[in-house]
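Single-letter residue listing:
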Amino acid sequence: MSYDKIEVPSSGSKITYDEETDELNVPDDPIVPIIYGDGIGSDVGPATQKVLDAAAEATGREFNWMRVYAGESAREKYDENLPQETVDAMSEYRVSIKGPLTTPVGAGFRSLNVALRKRLDLYANVRPTYFLEGIDEVSPVKRPQDMDMIMFRENTEDVYAGIEWEAGTEEVEEVRDFVEDEMGFDSTIHDGPVGIGIKPITEFGTKRLVREAIDYALENDDKNTVTLVHKGNIMKFTEGQFRDWGYEVAEEEYGDEVITEDTLWEERDGEQPEDAVVVNDRIADNMLQQMLTRTDEYDVLALPNLNGDYLSDSAGAQIGGLGIAPGANFGTGKVLAEPVHGSAPKYEGQDKVNPTAMILSGRLMLEYMGWDDAADLVRDAVEQAISAKTVTYDFHRQMEGGEKLATSEYAQVVVENIEDLA
């Protein structure tokens, strides 16, 4: 495919996907689209690129980066926020990484990040949260080392589907009339202005998300449980259905590889088989406190969209904050890595902020590509930088005896650590 304003690298090879085997074919010189992002993206994007280049080189490989555009950079080039050729390029080349994007007021998108996920059908927002040596001083909890969870957040449904109507419009009054007169909820909505939204949760969307979570647990020996997190005690036909469909996947599709928590206690007296994953469920508000009080009991979480958003942010706080919280969006043979944090425009161009979240998002991308050796180098190099207290300002102000580094200086330290570790 040819592009108007995107320059395809003259060297490098395309990552392809085999539908029959459900496998990516990743060459040693892949072409990978990258969006630096808005605000601090101009700092963390290049820093991340530098670190990933070092990890690739240290393992005998090479990235061929292809700049693509969304947000402010797209408005400058295309006079729109999300050009179609950006979506086309990311779909064609399959593996991408981006920094944070800001959605301008009145831009036509509720969120550029959500729009990208939807248009690429990246249905699983994957957010790992794990302890790194050295973060003890910046964590608000006593035992941050207990945290090692990965959350699979459904990415396309729930209230993030954006099906809602504004107070004061004819449309919202039509919906109110339908809900009250046709559906029989005649005393549910208070009189006066009202905004109304719809919360769709489908069997299709739920089951493909839960499969991703279970498959991940089965592929990783240290992950023994998958927890369905929902508010089904109140929202019985949406989040309650998410729970039920999740259990259906576990019981009908995985055989002896997966058992439910009920089976574990009713038939095995709580003794978990070494070769099986246990699927259980927790109410969302209870799960928030269990993440603090029983942190080490949870491995993989599968959640509807909104639950996944706030629970992953809360988990990130336990290991030092969003400055080191990575994320990625998985689809069928596609991935878009992105940090959890926002664009923080007041720090744009100051070479100040912490790039670790985007760097570790790059680590997730490397794992998706099958470059586990490079991914391990990135993790270990970041951990070495933090444990040595060579950090950016956000961590430095909470540490005694540390060295405060600029964004670019921190990235260089991580690169040097990679070279030493390789």
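Residues numbered from 1 in each chain as written. Predicted model: local features only at pLDDT ≥ 70, side-chain atom pairs only at ≥ 80, totals over all residues. Heavy atoms only, no water.

## Details of the packing of aromatic side chains
Applying the stated criterion to the full structure yields six aromatic pairs. Plain terms: the ring middles of Phe-152 and Tyr-216 are 5.6 Å apart, the flat faces sit at 55 degrees to each other, and that makes the pair tilted. Linking Phe-152 in strand S7 (residues 148-154) with Tyr-216 in helix H6 (residues 203-219), this pair joins segments that are 64 residues apart in sequence. Between the aromatic rings of Phe-330 and Tyr-368, the centroid separation amounts to 4.8 Å while the plane-to-plane angle is 55 degrees, which identifies the pairing as tilted. (Phe/Tyr/Trp six-rings, centres within 6.5 Å; stacked < 30°, edge-to-face > 60°. Helix = DSSP H or I, 4+ residues; strand = E, 2+ residues; numbered from the N terminus.)

## Regarding helix H11 (residues 356-369)
Helix length check: H11 (14 residues) gives 20 Å between terminal C-alpha atoms against 20 Å at 1.5 Å per residue, within 8%. In terms of residue burial, H11 counts as a mostly covered element, since 12 of its 14 residues are buried. Among the residues making up H11, those that are buried are Thr-356, Ala-357, Met-358, Ile-359, Leu-360, Ser-361, Gly-362, Arg-363, Leu-364, Met-365, Leu-366 and Met-369. The first or second residue beyond H11 is Gly-370, which carries a positive phi of 90 degrees. (Expected span 1.5 Å × (residues − 1). Buried < 20%, exposed > 50% of the residue type's maximum accessible area, 1.4 Å probe, protein only.)

## Details of the pairing of strand S14 (residues 328-331)
Of the two faces of S14, the one lined by Ala-328 and Phe-330 and the one lined by Asn-329 and Gly-331 are each fully buried. Bridge count for strand S6 (residues 124-130) against S14 is three bridges, and the pairing is antiparallel. The residue of S14 that forms the bridge with Ala-124 is Phe-330. From the end of S14 to the start of strand S15 (residues 334-337), which pair antiparallel, there are two residues, and Gly-333 there has a positive phi angle of about 70 degrees. (Pairing = 2+ DSSP bridges.)

## Comments concerning the environment of Ser-139
Mapping Ser-139 onto the fold places it in the loop between S6 and S7. Taking the relative accessible area as the measure of exposure, Ser-139 reaches 11% and is therefore buried. Those residues in contact with Ser-139, other than ones at most four positions away along the chain, are Pro-144, Gln-318 and Gly-320. Polar side-chain contacts of Ser-139 include one of 3.2 Å to the backbone nitrogen of Val-141. (Contact = heavy atoms within 4.5 Å. Polar contact = N/O pair within 3.5 Å; in protein donor to acceptor, adjacent residues only side chain to side chain.)

## What to know about the sheet that holds strand S10 (residues 225-230)
Spatial ordering of the open sheet is given by S4-S3-S5-S15-S14-S6-S7-S13-S10-S12-S11, a layout of 11 strands whose pairing is mixed. Pairing within the sheet leaves two strands with one partner each, and these edge strands are strand S4 (64-67) and strand S11 (258-260). The average undirected angle you get between the axes of adjacent strands in this sheet is 25 degrees. As defined by bridge partners, S6 adjoins S7 across seven bridges and the pair is classed as antiparallel. If you follow Ala-124 over to S7, its bridge partner there is Glu-154. Set on the sheet, helix H1 (residues 41-58) makes contact with strand S3 (31-35), S4 and strand S5 (95-98); between it and S4 the angle comes to about 160 degrees. The sheet contacts of H6 involve S6, S7, S10, S11, strand S12 (277-283), strand S13 (300-303) and S14, and relative to S7 the element is tilted by about 160 degrees. (Axes fitted to C-alpha atoms, helices over the stretch in contact; angles between N-to-C directions.)

## Thoughts on the pattern of salt bridges
In this structure the tally under the stated criterion is 26 salt bridges. Arg-211 is the salt-bridge partner of Glu-253, the closest N and O atoms lying 2.7 Å from each other. Here Arg-211 lies in helix H6 and Glu-253 lies in helix H7 (residues 239-253), a separation of 42 residues in the sequence. We classify Arg-211 as partly exposed; its relative accessible area is 28%. With a shortest N-O distance of 3.1 Å, Glu-261 and Arg-282 are connected by a salt bridge. With Glu-261 in helix H8 (residues 261-268) and Arg-282 in strand S12, this residue pair connects regions lying 21 residues apart in the sequence. (Salt bridge = Lys/Arg side-chain N within 4 Å of Asp/Glu carboxyl O.)

## Some remarks on the side chain of Thr-156
Along the chain, Thr-156 falls in the loop between S7 and strand S8 (164-165). Take Thr-156: its relative accessible area is 18%, and that puts it in the buried class. Not counting residues up to four positions away in its chain, the partners in contact with Thr-156 are Lys-118, Asp-121, Leu-122, Tyr-123, Ala-161, Arg-208 and Asn-305.

## Notes on the nonpolar core
Grouped together as the largest cluster of nonpolar side chains are 92 residues, with contacts concentrated most on Phe-63, Met-365 and Val-378. When residues in this core are grouped by element, the largest group, eight residues, is from helix H12 (residues 372-387). Apart from residues lying up to four places away in sequence, Val-378 is in contact with Val-51, Leu-52, Ala-55, Ile-359, Leu-360, Arg-363, Leu-366 and Ile-418. (Core = buried A, V, L, I, M, F, W, Y, C linked by side-chain atoms within 4.5 Å.)

## Examining the pairing of S5
By the alternation rule, side chains of S5 split into Val-95 and Ile-97 and Ser-96 and Lys-98, which are all buried. Two elements, S3 and S5, share two bridges in a ladder whose sense is parallel. When the sheet's bridge partners are listed, Ile-34 is paired in S5 with Ile-97.

## Observations concerning the packing of H11 against H12
The contact between H11 and H12 brings their axes to 7 Å, and the two run at 160 degrees. Comparing their axes, H12 and H11 come out roughly antiparallel. Handedness of the H11/H12 crossing: left-handed. Residues Thr-356, Ile-359, Leu-360, Arg-363, Leu-366 and Glu-367 of H11 form the contact with H12, whose participating residues are Asp-372, Ala-374, Ala-375, Asp-376, Val-378, Arg-379 and Val-382. Of the residues contributing to the contact of H11 with H12, the split by class is seven nonpolar, one polar and five charged. (Parallel < 35°, antiparallel > 145°, perpendicular 65-115°, else oblique. Left-handed = near helix turned anticlockwise from the far one by under 90°. Nonpolar A, V, L, I, M, F, W, Y, C, P; charged D, E, K, R; others polar.)

## Some remarks on a negative patch on the surface
Taken together, the side chains of Asp-22, Glu-23, Asp-215, Glu-219, Asp-256, Glu-257, Glu-274 and Asp-275 make up a negatively charged region of the molecular surface. According to the relative accessible area criterion, Asp-275 is exposed, its value standing at 64%. (Patch = residues over 30% accessible without salt bridge, like charges linked within 9 Å, V, L, I, M, F, W, Y side chains within 5 Å. Areas by Shrake-Rupley, 256 points an atom, 1.4 Å probe, with all protein chains shown as cover. Lys, Arg positive; Asp, Glu negative; His and termini not counted. Charge placed at Lys NZ, Arg CZ, Asp CG, Glu CD.)

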